[in-house]
Amino acid sequence: MRTRWSVAALGLVLVAAAGCGVPPSAAAAAAEAVALLRAHQRGDGQAMCALLAPDTAAELARSSGTNCADAVGDEDLPDPGAVTDVTVDGQWAKVVIAAADDDGTVFLATFPGGWRVVAAGCRSRGERPYDCTVNGG
């Protein structure tokens, strides 16, 4: 009887552990944000869209009347610079990248494949919501 209980308990622990995902790291969020800006700098719209959250990519396409890869290349984003701050709060992250126009904030969320950009080219407006060049709506 004890053996069956131990095996059953171990099975429940493994099932519970499998359902608990470890959130991606701050370093991974920063890497995704910088990768987006580097892809923009290269003019690689396909790579940029692959880094965007699904709703953000869809909103870009919808609002521009074209596909995501063409639309995202027209957005005014800063060049990739040094990461100056990363804040992770559960499944959300804010990455601040040094930018000349103070528009280097990128917001990300976790998805099954890791971090994806939900908004980029964001400028703080004090107590008001950020003003973002690229966002999901």
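Above this note sits the structure.
This section reports on the structure supplied with the text.

The rules behind the values
Residues numbered from 1 in each chain as written. Predicted model: local features only at pLDDT ≥ 70, side-chain atom pairs only at ≥ 80, totals over all residues. Heavy atoms only, no water. Pairing = 2+ DSSP bridges. Helix = DSSP H or I, 4+ residues; strand = E, 2+ residues; numbered from the N terminus. Axes fitted to C-alpha atoms, helices over the stretch in contact; angles between N-to-C directions. Contact = heavy atoms within 4.5 Å. Phe/Tyr/Trp six-rings, centres within 6.5 Å; stacked < 30°, edge-to-face > 60°. Buried < 20%, exposed > 50% of the residue type's maximum accessible area, 1.4 Å probe, protein only.

## Concerning the sheet that holds strand E5 (residues 128-135)
Judged by pairing direction, the sheet is antiparallel, and its 5 strands sit side by side in the order E1-E2-E3-E4-E5 without closing on themselves. Where the open sheet ends on each side, the last strands, each with one partner, are strand E1 (83-89) and E5. The sheet shows a mean angle of 30° between the axes of neighbouring strands, direction not considered. Where strand E3 (residues 105-111) meets strand E4 (residues 114-125), 6 bridges bridge the pair, whose relative direction is antiparallel. The partner of Leu108 across the bridge, within E4, is Val117. Lying on the sheet, helix H4 (residues 54-64) is in contact with E3, E4 and E5; it crosses E5 at an angle near 70°.

## Describing the packing of aromatic side chains
Overall, the coordinates contain 1 aromatic pair when judged by the stated rule. The interplanar angle of 80° and the centroid separation of 5.0 Å between the aromatic rings of Phe107 and Tyr130 together place this pair among those described as edge-to-face. Taken together, the positions of Phe107 in strand E3 and Tyr130 in strand E5 put the pair 23 residues apart, joining distant regions of the chain. Residue classification places Phe107 among the partly exposed residues on the basis of a relative accessible area of 22%. With a relative accessible area of 30%, Tyr130 lands in the partly exposed category.

## Concerning the side chain of Glu32
Counting through the fold element by element, Glu32 comes out in helix H2 (residues 26-42). What Glu32 contacts, discounting residues up to four positions off in sequence, is Leu51, Leu108, Trp115, Arg116 and Val117.

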